[in-house]
Each structure stands twice: as structure tokens, then as C-alpha cells.
Amino acid sequence: MGFNCGIVGLPNVGKSTLFNALTATQAAESANYPFCTIEPNVGRVSVPDQRLTALAELAKSVKVIPTQLEFVDIAGLVKGASKGEGLGNQFLGNIRAVHAIVHVLRCFDSDDITHVEGSVDPIRDAETVETELMIADMEAMEKRFTDREKRAKGGDKQAKLEVEVIALVLEALRDGKPARVAEISKEQRPTFDGFQLLTAKPVLYVCNVDEDEAAEGNGHTARVAEKAAAEGAQMVIISAAIEAEIAQLSTAEEKTEFLESLGLEETGLAQVIRAGYALLNQITFFTAGPKEARAWTVHDGATAPQAAGVIHTDFERGFIAAETISYTDYVDLGGEAGAKDAGKMRLEGRDYRAKDGDVFLFRFNV
């Protein structure tokens, strides 16, 4: 499992339509009224990667297993969620469990689909959700601060560290900024991460537009782009309606022709995956052999043993070395044997940091 993203947003912005299209299911009911999604719906999609196909052909693999991305469609949020309004408590609990937030913003006008606020304004909508998350984080941190401050005065070293971090978080939140912008040191990071703050999660803004605006966007998406750039967040423009149509097409050729007819080069799913990987600092490594070719996801900067641990904890625990071939060398030299003959297979140790596209064979002893 690579990572999971919670799809959030106000009611009637296209969350469930997008979820259904991305996962090619109808697990989430789409309807023109708030809270049509009551329980979080979970869908997994295979991450498309042409490199895996190429490796499988060279290794003559019987099975091809891509890595997967998990989407969680979470009930729509309204003002007052932090106080339990609407499905607020449930929303906040579900969003706390995901790695990143995919924030769907309505960037299209329609007389047929009502907007909970009565008008289309993606910046206002984004701020509505962000405000509720910041309020929830602030209340949680203020309660924790009171408790930890008492312990810190009693000489509790861990409590003292928490008080220092909480003070930095509250400073950002009270200034109207998410917790992720707080200046947290490397030493403080484990404590900060342990708080599981809602506004510490990275955000990907997904601008849902009409079909004829999917290629270039519109005035609404331009404003969202400015907001994302200012926050260091990611932003993509897609049409949930187009994604729904693509999901119904059976062949790659049909999908390509359909996209080309709209002036698009790739699906919204591909955009979301690429942005998600960038958002969470993920890379892909591969294993390839006669039985299977498989893609694996690990955080950028992971060591060879940590990458091995993604496959099985025993691989990390008993790690000896990693036979390593870059994807380019593997393909250019006709596979594992050709790469070895050309001296392009390297034996990497415990300190080696995995690179995107590495093809590994791990040696271990347990």
C-alpha cells in the first residue's frame, strides 16, 4: 500500500462523483443533496506505471502487480463541523486517519446543482473547511497544553518537550495558519507528528470544472492556483464528469482517443497520483523476476533496509545487501543478465538510499 488520501470538501462539489470515477465503482452514491455519503467509502486503484510493464516484459514475469493508491470518500463538511454540526465529529475523525487531504473545490457554475452556500466561490469554500480543521486542532492543543504544562512544572521532560511544540503550533493556528507551517525542528518533529493534527496533513486541491474547461481551467482555478502556490500545496484541474465517462470506456485506445478529442494528455487520476506522490514525497522501486514484476512505494530518502521492509519486515531485520540496477540500465541492457554483464548491477549496503526506479533483489538472513 503506497498511501491513502481522504477526499474532502463541502457538500455538492463533486466529491463522490470523483471518487466513483477514480475507483471505477459506484460504491459511493452521488446525489444532489448534502451528506449523501454517510460512511467513508474506501476504494483502491492501481497506480499506472509504464516502467513496470517494460520490466515485466524483459523479466518474462507471469504476474504484474502495480502499487496501489487508496481513496477515502468522506462525508461533506459544513460550517460548525468543529462543534459537531452536520456530520462534523464523524468528518474530523475520518480525516484524522488519512495520510493526505484531497480537497475538492467546485469551480463550475450550474443551475441544476445547488451549492450549500448559494454561490460558487472555491476560495471561500476552501477557507470554510480549513477554518473548521484549525478550530478543531486549536481546541485539542489548548486542552493538551494545560495538562502537559502541569506535568512539565513537575519535572516531566517529555511533557516539557510537548509544551514547547504545542506553543509553536498554537502560535500558527491563532495567526490563522495551519499547523504544517509551524517552524518545527528536526528534534521536535517526532513529537509534532505524534499529535496527528488535522492541519498538519499535506493538501492537494482538486479543481472540479466543466468538461470544456478541463484543459485550460478558468477564473476560479486561477485563484486556487494562487492560493496553493502561497501555501506550498499542490493543485490539479480535472472534470469529474470526464473522469466518469473515461471510467466507462473499456480499452486504453478508447480512453486515449476520448482524451485527445478534449485536448487532454492524461486522465485526472494520473494527475492526482503524480501530485500525490510529490505531496507525500514518495518514490517507486521495483522487483522483477519470472514469477512476478512488482512496484513498491517508499518515502524518498528511505534506506535500502527500509525499502526491503516494505516487502516484509524480515527483509529489513535480516538485511545483508541489495543487488541494485537502475531502471534505465535494466531496460537499455535487456534485463538483469545484460545489466550484470555490463557491470551495471551494484551491491548496495545499509546506508544506501533508494532512488526512484531502482530494481532491487534483497539479500537477507533471518
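Every value quoted in this text rests on a predicted model; they were computed, and no experiment measured them. (Residues numbered from 1 in each chain as written. Predicted model: local features only at pLDDT ≥ 70, side-chain atom pairs only at ≥ 80, totals over all residues. Heavy atoms only, no water.)

When helices and strands are counted, the chain shows 14 helices and 12 strands. Looking at the chain as a whole, 49% of its 366 residues are labelled buried. Taking contacts inside the chain between residues at least 6 apart in sequence as the whole, the part at least 24 apart equals 67%. (Helix = DSSP H or I, 4+ residues; strand = E, 2+ residues; numbered from the N terminus. Buried < 20%, exposed > 50% of the residue type's maximum accessible area, 1.4 Å probe, protein only. Contact = heavy atoms within 4.5 Å.)

A few words now on the layout of surface pockets. In this structure, the largest pocket spans a volume of roughly 610 Å³. Lining the largest pocket we find 26 residues, and of these Pro48, Ile246, Lys255, Thr267 and Leu269 sit closest to its centre. Elements with a minimum of two residues in the lining of the largest pocket: α1 (15-23), β2 (41-46), α8 (240-247), α9 (252-261) and α10 (268-280). Top element by residues in the lining of the largest pocket is α9. It accounts for 5 residues. (1 Å grid on protein atoms, 1.4 Å probe; cavity = no way out; pocket = protein on both sides within 12 Å on 5 of 7 lines; lining within 4 Å. Points joined across faces, edges and corners; volume = space filled by probe spheres on them.)

Before going further, it helps to examine the packing of aromatic side chains. Applying the stated rule across the entire model yields 7 aromatic pairs. Measuring from ring centre to ring centre gives 6.4 Å for tyrosine 352 and phenylalanine 360, while their planes differ by 85°; the resulting arrangement is edge-to-face. Overall, the relative accessible area of 4% leaves phenylalanine 360 in the buried class. In this structure an aromatic cluster arises from ring pairing among Phe285, Trp296, Phe319, Tyr352, Phe360 and Phe362. Sitting over the ring of phenylalanine 108, arginine 106 keeps its end group 4.5 Å from the ring centre. (Phe/Tyr/Trp six-rings, centres within 6.5 Å; stacked < 30°, edge-to-face > 60°. Lys NZ or Arg CZ within 6 Å of the ring centre and 35° of its normal.)

The subject of this paragraph is the side chain of glutamate 130. Positionally, glutamate 130 belongs in helix α4 (residues 122-153). Under the relative-accessibility criterion, glutamate 130 is labelled buried at 18%. Side-chain polar atoms of glutamate 130 contact the side chain of tyrosine 205, separated by 2.4 Å. Excluding residues within four positions of it along the chain, glutamate 130 makes contact with Tyr205, Lys227 and Glu231. (Polar contact = N/O pair within 3.5 Å; in protein donor to acceptor, adjacent residues only side chain to side chain.)

Running from N to C, α4 and helix α5 (residues 157-174) cross one another at 150°; their axes reach a closest spacing of 9 Å. The angle between α4 and α5 places the two elements in the roughly antiparallel class. The element α4 and its partner α5 pack so that their crossing is left-handed. In this structure, α4 contributes Met134, Asp137, Met138, Met141, Glu142, Arg144, Phe145, Arg148, Glu149, Arg151 and Ala152 to the contact, and α5 contributes Ala159, Lys160, Glu162, Val163, Ile166, Val169, Leu170, Leu173 and Arg174. Class assignment of the residues belonging to the contact of α4 with α5 gives a composition of 11 nonpolar, no polar and 9 charged. (Axes fitted to C-alpha atoms, helices over the stretch in contact; angles between N-to-C directions. Parallel < 35°, antiparallel > 145°, perpendicular 65-115°, else oblique. Left-handed = near helix turned anticlockwise from the far one by under 90°. Nonpolar A, V, L, I, M, F, W, Y, C, P; charged D, E, K, R; others polar.)

Quick look at the nonpolar core now. Leu69, Phe71, Ile95, Leu204, Tyr205 and Val206 are the most contacted members of the largest nonpolar core, which has 56 residues in total. Examining the composition of this core, we find that 7 residues originate from one element, α10, more than from any other. For tyrosine 205, the residues in contact, after removing those within four places along its chain, are His103, Leu105, Ala126, Glu130, Val224, Lys227, Ala228, Glu231, Ala233, Gln234, Met235 and Val236. (Core = buried A, V, L, I, M, F, W, Y, C linked by side-chain atoms within 4.5 Å.)

To continue, consider empty space enclosed by the protein. Enumeration according to the criterion identifies 1 cavity of 30 Å³ or more in this entry. Here the largest cavity defines a volume of roughly 60 Å³. In terms of lining, the largest cavity is formed by Ala214, Ile237, Ile238, Ser239, Ile242, Glu243, Leu259, Leu264, Glu266, Thr267, Gly268 and Gln271. Looking at the lining of the largest cavity, the elements with two or more residues in it are β7 (234-238), α8 and α10. A breakdown of the residues in the lining of the largest cavity according to their chemical character gives 6 nonpolar, 4 polar and 2 charged.

Here we take up the confidence of the model for the chain. Confidence in the prediction for the chain averages 86 pLDDT; 88% of positions are at 70 or higher. Averaged pLDDT values over the elements of the chain bottom out at 70 in helix α3 (residues 88-96) and peak at 98 in helix α13 (residues 327-332). Low pLDDT, under 50, characterises residues 26-38; the stretch is placed with 37 contacts to residues that sit more than four places away or in other chains. (pLDDT = per-residue confidence, 0-100.)

With respect to the secondary-structure elements, valine 45 resides in strand β2. For valine 45, a relative accessible area of 6% translates into the label buried. The residues touching valine 45, leaving out its near neighbours within four places in the chain, are Leu22, Thr23, Thr67, Gln68, Leu69, Phe71 and Leu269.

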